[in-house]
Amino acid sequence: MTFKIATWNINSVRLRIDLVCRFLKEHQPDVLCLQETKCPQGQFPSAPLHDLGYTSIAESGQKGYHGVAIVSRIPFINESLRRFCGKEDCRHIAAAVNPGRPVLIHNFYIPAGGDEPDPLINEKFAHKLQFLDELEGWFREGAVPPEHEAIMVGDLNIAPLEHDVWSHKDLLKVVSHTPVETSRLIRVQTAGNWVDVMRQRVPPSQKLYTWWSYRAQDWAQSNRGRRLDHVWTTEGLSRMCASIEVLKDARGWPRPSDHVPVIAEFSL
């Protein structure tokens, strides 16, 4: 049995619901995790997704900012969410499914952190570091039930490895690739015993991007990307990962998100 899951920062689900439907029709994932839905709770555009067979939807939304959702054609066993840093800013949603064995899915949208990588003068960056510290503690305490395999996906807003960015040297002082962020993300991964299955399938020596800035006049030609979107799994599930696909072509779709979908397929 195969299980296919995708993650995508859609940058407004109502604005780009046609792209979501296109993606679901063309690639047929069992589960799609969306970030930055920018959709108030209860106003998620579920009808066209139901028409495509994706009838299980878990969402955590707010007006104008942030927001996450899990869209599935496999029924949910349960749903949950967690608030971080004492804020109500809709950055996490979780759901368990059973595509042959129980799998817990965590979907995250980690704070971007603003432009200045100094927590003393930039409250957004301080919030990002606090979020990562709290997430590390939660994973260390055990956020995955022992009877489940688990997947953590999302826009983590950090490109941790040298070849996760177009220029390691040029971006060392740029938010998303600073050492204070990358070291924290590695600690989060270690605390949860997560396996980075994207880099399991694509060697760390190869360039790998999931995001290209809107500011680039020709994003494809300049190719100044970053790997901000991630797929982590428990160790057992990592051994079942059959393929990883970064759908770069989606960056060239009409009115695209600046992120592209990442698809992971597992042989259960």
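See the structure above.
This is a predicted model, so every value here is computed, not measured.

A. A look at the overall build of the protein. Counting its secondary structure elements, the protein contains 8 helices and 14 strands. Relative to the globule expectation of 18 Å for 268 residues, the C-alpha radius of gyration of the protein, 17 Å, shows essentially globular dimensions. Dimensions along the principal axes, computed over C-alpha positions, put the protein at roughly 45 × 45 × 35 Å. Sorting the 268 residues of the protein into buried and exposed places 57% on the buried side. Once local pairs closer than 6 in sequence are excluded, the contacts in the protein between residues at least 24 apart make up 68%.

B. Up close: the pairing of strand β6 (residues 92-97). Of all 6 residues in β6, 6 are buried, a share of seventy percent or more. Because side chains alternate across β6, one face comprises the buried residues His92, Ala94 and Ala96, and the other comprises Ile93, Ala95 and Val97, equally buried. Inspection of the sheet shows β6 paired to strand β7 (residues 103-109) by 6 bridges, in the antiparallel sense. Bridge pairing in β7 links Val97 to Val103. Counting the residues between successive antiparallel strands, the hairpin from β6 to β7 contains 5 residues, one of them, Gly100, with a positive phi of roughly 135°.

C. Spotlight on helix α5 (residues 179-191). For α5, which comprises 13 residues, the first-to-last C-alpha distance of 18 Å matches the rise-based estimate of 18 Å (1.5 Å per residue) to within 8%. Considered for burial, the residues of α5 that qualify are Glu181, Thr182, Arg184, Leu185, Val188, Gln189 and Ala191. Buried-residue contacts for α5 involve α3 (123-141), β9 (195-196) and β12 (229-233). Immediately beyond the C-terminal end of α5, within one or two residues, lies Asn193, with a positive phi of roughly 55°.

D. Broad picture of the pattern of salt bridges. Under the defined criterion, the tally for this structure stands at 15 salt bridges. Arg22 is the partner of Glu26 in a salt bridge, and the nearest nitrogen-oxygen pair spans 3.1 Å. Remark: Arg22 and Glu26 occur in helix α1 (residues 17-27); sequence separation between them is 4 residues, near one turn of the helix. Residue classification places Arg22 among the partly exposed positions, given a relative accessible area of 31%. Close ionic contact of Arg83 with Glu88 constitutes a salt bridge, the shortest N to O distance being 3.1 Å. Classification of Glu88 as exposed rests on a relative accessible area of 58%. Several salt bridges share partner residues, and in doing so they unite Asp133, Glu136, Arg140, Arg184 and Arg187 into one network.

E. Fine view of the packing of aromatic side chains. Per the stated rule, a full pass over the model turns up 10 aromatic pairs. Relative to Trp212, the ring of Tyr209 has its centre 6.3 Å away and its plane inclined at 80°; by these criteria the two rings are edge-to-face. An aromatic cluster is present here, built from Phe84, Phe108, Phe131, Trp138, Phe139 and Trp194 joined pairwise through their rings. Here the guanidinium or amino end of Arg22 rests over the ring plane of Trp253, the centre of that ring lying 4.0 Å away. Over the ring of Phe84 we find Arg82; its NZ or CZ atom is 5.2 Å from the centre of that ring.

F. Focus on the environment of Ala112. The topology assignment puts Ala112 in the loop between β7 and α3. Of the residues examined, Ala112 reaches a relative accessible area of 38% and is grouped as partly exposed. Sequence-wise, Ala112 and Arg16 are 96 residues apart; in three dimensions their C-alpha atoms are separated by 21 Å. Look past the residues within four positions of Ala112 in its chain and what remains in contact with it is Lys128, Asn157 and Val175.

Parameters at a glance
- Residues numbered from 1 in each chain as written.
- Predicted model: local features only at pLDDT ≥ 70, side-chain atom pairs only at ≥ 80, totals over all residues.
- Heavy atoms only, no water.
- Helix = DSSP H or I, 4+ residues; strand = E, 2+ residues; numbered from the N terminus.
- Rg over C-alpha atoms; globule rule 2.2 N^0.38 Å.
- Buried < 20%, exposed > 50% of the residue type's maximum accessible area, 1.4 Å probe, protein only.
- Contact = heavy atoms within 4.5 Å.
- Pairing = 2+ DSSP bridges.
- Expected span 1.5 Å × (residues − 1).
- Salt bridge = Lys/Arg side-chain N within 4 Å of Asp/Glu carboxyl O.
- Phe/Tyr/Trp six-rings, centres within 6.5 Å; stacked < 30°, edge-to-face > 60°.
- Lys NZ or Arg CZ within 6 Å of the ring centre and 35° of its normal.

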